[in-house]
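For reference, the chains in residue letters:
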Amino acid sequence: RVKGEQKNEYRLYSAEADEKTEHLFSLQNDLNQALEEDQFHMVYQPRVNPGNGTIQSMEALLRWDHPEHGSISPGEFLPLAEKTTWINDIGDWVMRAVSCQIRQWQQKGLEPVPVSINLSANQLLQTNVASHFLSIFQEYNVEPGWLELEITESMLIENESTAQDILESLQEHGVRIALDDFGTGYSALSYLQKFPVDTIKLDRSLVQGVSEEDGYQPMADTVVYLGHSLGMSMVAEGVEYEKECRALRSLGVDEIQGCYFSRPLSTEEVNPLLESGVITAPPQT
Ligand code: C2E
Ligand code: MG
Ligand code: MG
Ligand code: MG
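Bear in mind the structure is a predicted one, so any value in this text is a computation, not a measurement.

Participant: Account for the overall build of the protein chain, naming residues and giving values.
Facilitator: Each helix and strand counted, the protein chain has 12 helices and nine strands in total. Taken over the C-alpha trace, the protein chain has a radius of gyration of 21 Å; the compact-globule value for 285 residues is 19 Å, and the two agree within 12%. The dimensions of the protein chain, computed from C-alpha atoms along their principal axes, are 60 × 50 × 40 Å. Burial status across the protein chain gives 47% buried among its 285 residues. Residue pairs at least 24 apart in sequence account for 68% of intrachain contacts in the protein chain once pairs closer than 6 positions are excluded. As displayed, the protein chain has an accessible area near 14600 Å², and 49% of this comes from carbon and sulfur atoms.

Structure representation (structure tokens):
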């Protein structure tokens, strides 16, 4: 390349980077209004028994309907919110929205299932967080047993002793605790014994491409065995293909979550599923 071109290229990239920074900056500003202007909503992804398609539970996932940019995924805006204290307000909004939804399902006489909610690290650092969450559930007249809180390993590492107290007190009141994205961090086995974990969610990176034809799956197999030995429920995330589902079923995984059974759904889409209680996976070739 000639010098001039390279210089040009550099300027192009830098303009792109500037644009990106500007975009993120303006999103961060817009997050200010998102709560007030009611721009958030929840979607729910079924967690399904791989043997018979029964819906065992659902994961609640946050969506932001941006007035100009349309639907923005949490991977994009939550890191921005996590830099501020808004994350606690958003987190509370999520707790209320899900509690309210569970209550509505119960009032409609639908067969409700437990719902899991993702937590951010900052939320666990709030004072009296356990009683705060429990009071929200109570406000909506929802038994804590209908809720499971999804945390990640890094949240435990950052504040070991307080996290342990908080989770234990939530669990004593019947809230279930799930360890999310297992297989992406240290996957330290000591944490599984130390913290009160009911459920392990195997990250997509662990389940991607597993198939029975390949025989023994050392990683997935060992983790499922270990989790079950400790009395935990094992969930596989991001399952997209029938062969993954079949392999995971024969490994004894308790619940499958992923587009193979269902993408995350709006509440209107969830209602008829709760009525029937099962999902039939699409036939695959
Ligand atoms: P996560 O908790 O691990 O959630 C699973 C993610 O996998 C979701 O992304 C889901 O839409 C996606 N997914 C579902 N099925 C498939 C599949 O078959 N294949 C693949 N490749 N992906 C699939 P989503 O909804 O974009 O959320 C991203 C992350 O944002 C979540 O990861 C979670 O860490 C966080 N998050 C979502 N909602 C909330 C919330 O209300 N509060 C907090 N604090 N974090 C949230
Ligand atoms: Mg999750
Ligand atoms: Mg996950
Ligand atoms: Mg996550």
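Participant: How would you explain the side chain of Thr-199 if you had to name every residue and give the values?
Facilitator: Here Thr-199 lies in strand S7 (residues 199-202). At a separation of 3.3 Å, a polar atom in the side chain of Thr-199 contacts the side chain of Arg-176.

Participant: Explain a negative patch on the surface residue by residue, including any values.
Facilitator: Judged by side-chain charge, Glu-16, Asp-18, Glu-19 and Glu-22 come together as a negatively charged surface patch. Relative to the helices and strands, Glu-22 is located in helix H1 (residues 3-36). For Glu-22, a relative accessible area of 60% translates into the label exposed.

Participant: Just give me the short version of the environment of Phe-137, but keep the residues and values in it.
Facilitator: Following the sequence through the fold, Phe-137 ends up in helix H5 (residues 129-139). Its relative accessible area of 1% is what places Phe-137 among the buried residues. Sequence separation between Phe-137 and Arg-103 is 34 residues, and the spatial gap between their C-alpha atoms is 9.7 Å. Setting aside residues no more than four positions away along its own chain, Phe-137 makes contact with Met-95, Ser-99, Val-142, Pro-144, Leu-147 and Val-175.

Participant: Kindly report on the coordination of the magnesium ion (ligand 3), identifying the contributing residues and their values.
Facilitator: For the magnesium ion (ligand 3), every protein donor is listed as Asp-180 (OD), Asp-181 (OD), Glu-237 (OE) and Glu-237 (OE), and the spread of their distances is 1.9 to 2.8 Å. Binding-site remark: the magnesium ion (ligand 3) is held by donors from one chain whose sequence spacing is D-D-x55-E. Taken as a pair, the magnesium ion (ligand 3) and the magnesium ion (ligand 2) lie 4.1 Å from each other and share Asp-180 as a ligand.

Participant: Tell me about helix H7 (residues 160-172), and please be specific about residues and values.
Facilitator: Residues spaced three or four apart along an α-helix point in a common direction, a consequence of the helix completing one turn every 3.6 residues. For H7, spanning 13 residues, the distance from its first C-alpha to its last is 18 Å, which sits close to the expected 18 Å at 1.5 Å a residue. Taken residue by residue, H7 has Ala-163, Gln-164, Ile-166, Leu-167 and Leu-170 as its buried positions. Of the residues one or two after H7, Gly-174 is the one with positive phi, at around 105°.

Participant: Explain the site of ligand 1 residue by residue, including any values.
Facilitator: Taken together, 22 residues form the shell around ligand 1, and within it Arg-63, Asn-118, Asp-180, Glu-240 and Cys-259 come nearest. Between ligand 1 and Leu-62, the relevant distance is 3.1 Å, taken from a nitrogen atom to a main-chain nitrogen or oxygen of the residue. Contacts to ligand 1 include Glu-240, whose side-chain N or O atom sits 2.6 Å from a nitrogen atom. Look at ligand 1: alone it shows 800 Å² of surface, and the protein chains cover 75% of it. Counting residues per element, the ones that place at least two in the shell around ligand 1 are strand S2 (55-66), helix H2 (74-82) and strand S6 (176-182). It is S2 that provides the largest number of residues to the shell around ligand 1, a total of four residues. Residues that form the shell around ligand 1 fall into these classes: nine nonpolar, five polar and eight charged.

Participant: Can you tell me about the packing of aromatic side chains, naming the residues and giving the values?
Facilitator: If you walk through the whole model with that rule in mind, you get seven aromatic pairs. Residues Phe-40 and Phe-77 carry aromatic rings whose centres are separated by 5.8 Å and whose planes lie at 35° to one another, so their mutual orientation is tilted. Of this pair, Phe-40 sits in strand S1 (residues 40-48) while Phe-77 sits in helix H2, and the two are 37 residues apart along the sequence. Note on Tyr-191 and Phe-195: the rings are 5.5 Å apart at their centroids and 10° apart in plane angle, and the pair reads as stacked. Looking at Tyr-191, the relative accessible area reads 11%, which means it is buried. Grouped by ring-pair contacts, the aromatic residues Phe-40, Trp-64, Phe-77 and Trp-93 constitute a single cluster.

Participant: Can you explain the confidence of the model for the protein chain? Please cite residues and give values.
Facilitator: Averaged over all residues, the pLDDT of the protein chain equals 90, while 94% of them reach at least 70. Model confidence for the complex: the whole-complex pTM is 0.92, and ipTM, which rates the interface, is 0.98.

Participant: Just give me the short version of the pairing of S7, but keep the residues and values in it.
Facilitator: Here S7 shows two buried faces, one formed by Thr-199 and Lys-201 and the other by Ile-200 and Leu-202. Strand direction decides the pairing type here: S6 and S7, joined by three bridges, are parallel. Bridge pairing in S7 links Ala-178 to Thr-199. Traced from S6 through helix H8 (residues 189-194) to S7, the parallel crossover comes out right-handed. When S7 meets strand S8 (residues 233-236), the two strands line up parallel, connected through four bridges. Counted as the bridge partner of Ile-200 is Met-234 from S8.

Each value, and the rule that gives it
- Residues numbered from 1 in each chain as written.
- Chains lettered and ligands numbered in written order.
- Predicted model: local features only at pLDDT ≥ 70, side-chain atom pairs only at ≥ 80, totals over all residues.
- Heavy atoms only, no water.
- Helix = DSSP H or I, 4+ residues; strand = E, 2+ residues; numbered from the N terminus.
- Rg over C-alpha atoms; globule rule 2.2 N^0.38 Å.
- Buried < 20%, exposed > 50% of the residue type's maximum accessible area, 1.4 Å probe, protein only.
- Contact = heavy atoms within 4.5 Å.
- Areas by Shrake-Rupley, 256 points an atom, 1.4 Å probe, with all protein chains shown as cover.
- Polar contact = N/O pair within 3.5 Å; in protein donor to acceptor, adjacent residues only side chain to side chain.
- Patch = residues over 30% accessible without salt bridge, like charges linked within 9 Å, V, L, I, M, F, W, Y side chains within 5 Å.
- Salt bridge = Lys/Arg side-chain N within 4 Å of Asp/Glu carboxyl O.
- Lys, Arg positive; Asp, Glu negative; His and termini not counted.
- Charge placed at Lys NZ, Arg CZ, Asp CG, Glu CD.
- Donors = N, O, S within 2.8 Å, 3.2 Å for Na, K, Ca; no water.
- Expected span 1.5 Å × (residues − 1).
- Near = heavy atom within 4 Å.
- Nonpolar A, V, L, I, M, F, W, Y, C, P; charged D, E, K, R; others polar.
- Phe/Tyr/Trp six-rings, centres within 6.5 Å; stacked < 30°, edge-to-face > 60°.
- pLDDT = per-residue confidence, 0-100.
- Pairing = 2+ DSSP bridges.
- Right-handed = clockwise from strand over helix to strand, strands pointing away.

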